[in-house]
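Survey of secondary and tertiary structure
Below are the chains, spelled out letter by letter.
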Amino acid sequence: MKLEDYELGGINIKSSDFKKGKVLTTEWEPNLKYAWDNGVAIGRYLAGLKEGRIIARICYQCKRIMLPPRMFCELCFRPTDEWMEVKDTGTINTFSIAQVNWDASRRGKDEPPLLPAVIEIDGASPGMGIMHMLGEVEPDQIKVGMKVRAVWKPREERTGAITDILYFKPLRAPAKKAGARKKTKSKNAAPARGKR
Amino acid sequence: MGMRKVAIVGAGITKFVRRAQETGKELSWQASKMALDSCELTLDDVDMVTMGTAPDAFDGVHMKGEYLADGAGGIGKPYMRHFVGGGTGVFSPIHGWFHVASGMADICLVVAEEKMSSCHPHPQGAFLTIFDHTTEQPLMPTLIWIFALEMNRYMETYGISKADIARVSVKNKHNAMDHPAAQIPQEITVEDVLNSETLCWPVNRLDISPASDGAAAIVLASERVARRITDKPVWIDGIGFSIDTAYWATRDLAYPRYVETAARMAYDMAGIKEPHKEIHIAEPYDPFDYKELHHMEGLQLCKRGEAARLTADGVTARDGNMPICPSGGALGVGNPIAATGLMKIIEIFLQLRGEAGKRQVPGDPRCGLAQAWGDLMQMGTVVVMRK
C-alpha cells in the first residue's frame, strides 16, 4: 500500500473561519473547583515553608535525603525514616527565560520574562532539585551552576504554600570580580555532572 | 517466551491538521476504515480493538475511550483504551501485541486519535494539571518551561548550541514535504529557526511541533493469519516500555534513562546487540527538535552528546547512513499526540515494505524502530520491527 494512493480524511478548518463563526461549534466553559489535600509528607513540607524552613525526608536504606519529602521511598519501597531540615540555598541545575504564560499566552511588552529553574537544594542528596523561580537577577547573568538563596515572603504573609518562597536569587552579586566568575565556571563542569 | 509472532498487515491515517472539521470519532473511523481496506479486511474479521488517546482534557470529553469506541470499530468487541501521555502512540501497537501474541486474538485493530483543537485558547492550558498540584501548579508552569529546562541542561552538559539542535527541525520539516498527511512541511533554514519567536529560551517557535488533530490505525495479525493476508508482513520483534518518577526535577535532565530502559527491553526481545548497527532506520519522538537527539542517545543509536554531530554530518538525513524521522516526524507531519506515535509506526511499516513513495530511504532497510515518550517527561515506549 502507499499513502499516496488514498484520499486521506482530515478537513482543515481555517483559523479565520473558526474565529468568524463560519463553522458551527458548541462551547462550554467549565467552572470546576478542586481542593487538594496536601497529604502527610507534603503537609509537613508546607508547614515548614510557613516557618521559613525547607524540610526533607530520609530513607535509611538508600540513604537519600529526599525533596520533596515523601512518607515512602519509591525505590526501596519501604517507609521513610526521618525528617531533616535542609538549607534554603542551592545550585541552579537548569533554567529558562520564559516569554510564555501557563496557557501559552505571551508575556506583555512591559512584563518581565518569567525565570523558572530547577534548583538543587543544599543538604539534600545530589540531584534532588525542585522547580521554582529566579529573581533579582538579569536574565543574561543566569548561569547553570550558580549558587542561589531563597527569598521568603514576610512571615505574616506566608500561608504554607510553595509560593511562601517568592523566588531564589544569586547568593552573591554576579560577576563583580574576576575571582567570583571563575568560581561559578568551575562549578559548571557540566559533562561530568551529566553522567551522574 | 511462549508468545506468538505478531505482524503489522495494514495501516490507515488521516491528514494531520490544526483544526479538523471532523470529530475525534469521525477521524478514528476514517483511519480505521482505511487500515482495514488496505489489507482487504472487514470489521467482522477483527477479534479485538485497542484505542490510544491522550488527555481527556484536550477534548473536554470524559471517558474519551468509550466516546471514541464507535469510530474505532470497538462496538460489541473486546475493546480497551490505553494512555501513557505522549508515549501513547507507540504504546498502541504494544497493547495490541499483547492481545495477539498471547493467543487471545488473531486480528487486532489498533487505533490512535487526538483532537487537541477543542481546548481553548490553546491546548497548552490543559497541561497545567499534569504538574504536582501542591508543589508545582501554584507557580503556574507551562509544559514549554520544562522542555526549555531540559533542553538547556542538555545543551549545557554536552556543549551543544541552539544551531546544532535547529538542524533537526530543518531536516524534519523538509522530510515532511513528501508526506501526504503533513501539516507543516516547510523548507526552512537554521537561521529561520533561530530567528523565530523566542517562547521560553532556549526554545523558539520553530523548535516545537504544532498542536494538531488527526488519527491513525494499524491492523495486527498472528503469524498464521498474517501470511494469508499479505506477502509483506512487518513483524513486531521487540517491545519495551518503562516509566521514571514524576519527581521530574530530581532526574538527570540531560539523559532520558527511561528511554534506555525501554529500548533495552525491546532490544533484548529482538536479539539486538548493537543497535547503532542493527537498526537501519528510526522514528524517535520529536515534539521538540532537541528531543530527537536526546532520544537517539537514550535509544543507544549513538553515544551521549553525539547525536547533534551525526545530524550536522547528514548521517540522519533520509539518504544518510541512519535515517531518523524520514516521515518528517512530529515537527513536520504534525503532533496529534497519540496519533503521532502510530504515524511513526506506520512510517517504519511502509519503509520496510518499500512502499514509502518519495520518502523511501535507499538501501533496503530491514530493521526499524519507533519510539515515543510522554507523561511528565518520564515514559518511554519502543517498538522494533523487521520485515
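The structure presented is a predicted model; accordingly, all values stated were derived computationally and were not measured. (Residues numbered from 1 in each chain as written. Chains lettered and ligands numbered in written order. Predicted model: local features only at pLDDT ≥ 70, side-chain atom pairs only at ≥ 80, totals over all residues.)

1. Points about the sheet that holds strand β6 (residues 203-204) of chain B
Reading across the sheet, the three strands line up as β7(A)-β5(B)-β6(B) and stay open at both edges, with antiparallel pairing between neighbours. Among the strands making up the open sheet, the edge pair consists of β7 (97-98) of chain A together with β6 of chain B. In the sheet, strand β5 (residues 198-201) of chain B pairs with β6 of chain B via two bridges, with the strands oriented antiparallel. By the bridge assignment, Thr198 of chain B is partnered in β6 of chain B with Asn204 of chain B. Packing against the sheet, helix α5 (residues 143-158) of chain B makes contact with β7 of chain A together with β5 and β6 of chain B, and its axis sits at approximately 55 degrees to β5 of chain B. (Pairing = 2+ DSSP bridges. Helix = DSSP H or I, 4+ residues; strand = E, 2+ residues; numbered from the N terminus. Contact = placed C-beta atoms within 7 Å. Axes fitted to C-alpha atoms, helices over the stretch in contact; angles between N-to-C directions.)

2. Focus on the confidence of the model for chain B
This prediction gives chain B a mean pLDDT of 96; 100% of its residues lie at or above 70. Among the prediction metrics, the complex's ipTM stands at 0.92, with pTM recorded as 0.93. (pLDDT = per-residue confidence, 0-100.)

3. Let's talk about the interface of chain A and chain B
Each partner contributes residues to the interface: chain A has 50 residues there, and chain B has 56 residues. Counting only elements with at least two residues in the side of chain A that touches chain B, the list comes to β6 (89-95), β7, β8 (116-121), β9 (129-133) and α4 (190-194) of chain A. The dominant element in the side of chain A that touches chain B, judged by the number of residues it contributes, is β9 of chain A, at five residues. Classifying every residue of the side of chain A that touches chain B gives 29 nonpolar, 15 polar and six charged. Taken together, the two bridges between β7 of chain A and β5 of chain B define a ladder with antiparallel strand orientation. Pairing of Ala98 of chain A across the sheet is with Cys200 of chain B, part of β5 of chain B. (Nonpolar A, V, L, I, M, F, W, Y, C, P; charged D, E, K, R; others polar.)

4. Describing unusual backbone geometry
With an omega dihedral of -15 degrees, the bond running from Leu67 of chain A to Pro68 of chain A counts as a cis peptide bond. Checked against the element boundaries, Pro68 of chain A lands in the loop between β2 (65-66) and β3 (72-73). Residue Pro202 of chain B is bonded to the preceding Trp201 of chain B through a cis peptide linkage, with omega at 5 degrees. The residue Pro202 of chain B is located in the loop between β5 and β6 in this model. The backbone of Glu136 of chain A sits at a positive phi, close to 50 degrees, despite the residue not being glycine. Mapped onto the fold, Glu136 of chain A is located in the loop between β9 and β10 (147-152). C-beta crowding within 10 Å serves as the criterion here: with 13 such atoms nearby, Glu136 of chain A is assigned to the partly exposed category. Here the phi dihedral of Asp364 of chain B falls at roughly 50 degrees; this positive angle occurs in a residue that is not glycine. Turning to its location among the elements, Asp364 of chain B is positioned in the loop between α14 (337-353) and β10 (367-374). Asp364 of chain B sits in the exposed class, given 11 other C-beta atoms within 10 Å. (Buried ≥ 20, exposed ≤ 12 C-beta atoms within 10 Å, placed from the backbone.)

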